[in-house]
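These are the residues of each chain, in order.
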Amino acid sequence: RMNFGPLRVLNDDLVQPREGFGAHPHRDAEIFSYVVDGELTHQDSMGNKEALGRGSVQYMSAGKGVVHSEMNEGNVRCRFLQVWFTPDK
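Residues numbered from 1 in each chain as written. Predicted model: local features only at pLDDT ≥ 70, side-chain atom pairs only at ≥ 80, totals over all residues. Heavy atoms only, no water.

1. As for the overall build of the protein
A count of helices and strands for the protein gives 0 helices and 8 strands. From first element to last, N terminus to C terminus, the protein shows the α and β order β-β-β-β-β-β-β-β. Taking 12 Å as the expected radius of gyration for a compact globule of 89 residues, we find that the protein reaches 13 Å, a close match to that expectation. Counting only C-alpha atoms, the protein reaches 40 × 30 × 20 Å along its principal axes. Within the span of the protein, comprising 89 residues, buried residues form 34% of the whole. Considering only residue pairs separated by 6 or more positions, the protein has 75% of its internal contacts joining residues 24 or more positions apart. (Helix = DSSP H or I, 4+ residues; strand = E, 2+ residues; numbered from the N terminus. Rg over C-alpha atoms; globule rule 2.2 N^0.38 Å. Buried < 20%, exposed > 50% of the residue type's maximum accessible area, 1.4 Å probe, protein only. Contact = heavy atoms within 4.5 Å.)

As structure tokens, then:
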């Protein structure tokens, strides 16, 4: 289900080694990611690239638009939670 008040999405993702979500756009969203197991590499159109290990939290404000990817560059499965909020305009 999408859009429950300001909560837009709650995902529980399993990403196999050397797979993930290639470059894709977001806008008008505040996005939090929490790595439950494994490692997730985030890269975006603002020049940021970071490997997030177990227990890491990342916040990204998509604002007027951003392109980013989330990839499992490791050798074990990655599990992460992602929560999207719709900001007040």
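So, next bit.
2. A few points about unusual backbone geometry
The phi angle at Arg18 is positive, at roughly 65°, despite the residue not being glycine. Take Arg18: it is sitting in the loop between strand S1 (7–15) and strand S2 (20–26). Taking relative accessible area as the criterion, Arg18 reaches 57% and is therefore assigned exposed. Non-glycine residue Asp28 carries a positive phi angle of around 50°. With respect to the helices and strands, Asp28 occurs in the loop between S2 and strand S3 (30–37).

3. Points about the packing of aromatic side chains
In this structure the tally under the stated criterion is 3 aromatic pairs. Geometrically, the ring pair formed by Phe21 and Phe80 is edge-to-face, given 6.4 Å between the ring centres and 75° between the ring planes. With Phe21 in strand S2 and Phe80 in strand S8 (residues 78–85), this residue pair connects regions lying 59 residues apart in the sequence. With a relative accessible area of 34%, Phe21 lands in the partly exposed category. (Phe/Tyr/Trp six-rings, centres within 6.5 Å; stacked < 30°, edge-to-face > 60°.)

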